[in-house]
Amino acid sequence: MKLRELIPPGAKDYFRLLRAKIRFRDSLIGSPAVSVQARIGIGCRVGGSVLVNHNVTIGNYTYVNSFTMIGSGEIGNYCSLGYYCSIGMHQHPLHFLSTSPMTYHSSGVLGVQSDWNDFFAPPKIGHDVWIGNAAQIMQGVCVGSGAVIGAGAIVTEDIPPYSIAVGVPARVLRKRFDDETIQYLLNWNWWDLEPEELKKFGGHFGKADWSDACIGRLKL
Ligand SMILES: CC(C)(COP(=O)(O)OP(=O)(O)OC[C@H]1O[C@@H](n2cnc3c(N)ncnc32)[C@H](O)[C@@H]1OP(=O)(O)O)[C@@H](O)C(=O)NCCC(=O)NCCS
């Protein structure tokens, strides 16, 4: 009997999970497929069966729900990622003889060395972005801060800040606020504040009429 046969099923995942939990101890990590080479800020929550690739950056206080895959990209603070989303996944070459990585990756069956980069344009996702279930964000796009991506959308072009985009391909449905309010929020950058500092403004979060009370009274 080989030594590796003595290792109980799941043990590898257990140690990977443990390693990720230790590496990102300021966040809650629930998946062994979170690369310890990724960068994850503090106060994040990453659910079960989530893939976070080595080249991914996630800011602070962002959550990623189960079964979401992040192949590449930069994700800001206070973002909310639904279940079964795909962000910046691998692209295969369209101009090579074959699109199969088996034929152009050094680890493939042909042992061919190529200069193809699966992640040539990682997407950029701003702060306070809400991404609905099963949405897909393709490489090369920027999603502005405060934007909402509807469930099932496929985002192939940039989405401006504080826009709600839905559909395949994703199109902007409307803006969340008027231009003055959006500019105010983008200047404020509240997402860069620590929760302790944000608590000062706590009364404005969780209220539908926050902007009337907030604009003009908060110091930018
Ligand atoms: C996009 C969303 C935020 C709603 O935004 P809204 O501005 O309130 O949109 P409305 O419900 O008023 O719908 C406006 C139009 O968009 C359409 N629409 C709404 N959500 C859509 C979606 N995800 N995909 C395609 N079309 C959608 C509606 O059918 C409606 O179309 P119509 O004008 O032709 O009738 C919501 O539908 C959504 O997708 N939420 C994500 C839920 C989720 O995945 N949660 C995961 C928890 S993290």
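Keep in mind it's a predicted model, so treat the numbers as computed, not measured.

Enquirer: I'd like a rundown of the environment of Ala147, residues and numbers included.
Expert: One can find Ala147 in the loop between strand E14 (142–143) and strand E15 (148–149). The buried category is assigned to Ala147, whose relative accessible area is 1%. For the pair Ala147 and Ile164, spaced 17 residues apart in sequence, the C-alpha to C-alpha distance is 5.8 Å. Sequence-distant contacts of Ala147, defined by excluding residues within four places in its chain, comprise Asp128, Val129, Trp130, Ile159, Pro160, Tyr162 and Ser163.

Enquirer: Give a description of the pairing of strand E17 (residues 163–166) that names residues and reports values.
Expert: Sheet topology places E15 next to E17; two bridges connect them, and they run parallel. Residue Ile149 lies in a different strand from E17, and its bridge partner there is Ala165. Inspection of the sheet shows E17 paired to strand E18 (residues 171–175) by four bridges, in the antiparallel sense. Paired with Val166 across the strands is Arg171, a residue of E18. Following E17, the chain reverses through four residues before pairing antiparallel with E18; Gly167 in that reversal takes a positive phi of roughly 95°.

Conventions we followed
- Residues numbered from 1 in each chain as written.
- Predicted model: local features only at pLDDT ≥ 70, side-chain atom pairs only at ≥ 80, totals over all residues.
- Heavy atoms only, no water.
- Helix = DSSP H or I, 4+ residues; strand = E, 2+ residues; numbered from the N terminus.
- Buried < 20%, exposed > 50% of the residue type's maximum accessible area, 1.4 Å probe, protein only.
- Contact = heavy atoms within 4.5 Å.
- Pairing = 2+ DSSP bridges.

Any link to function would need more than the numbers given here.
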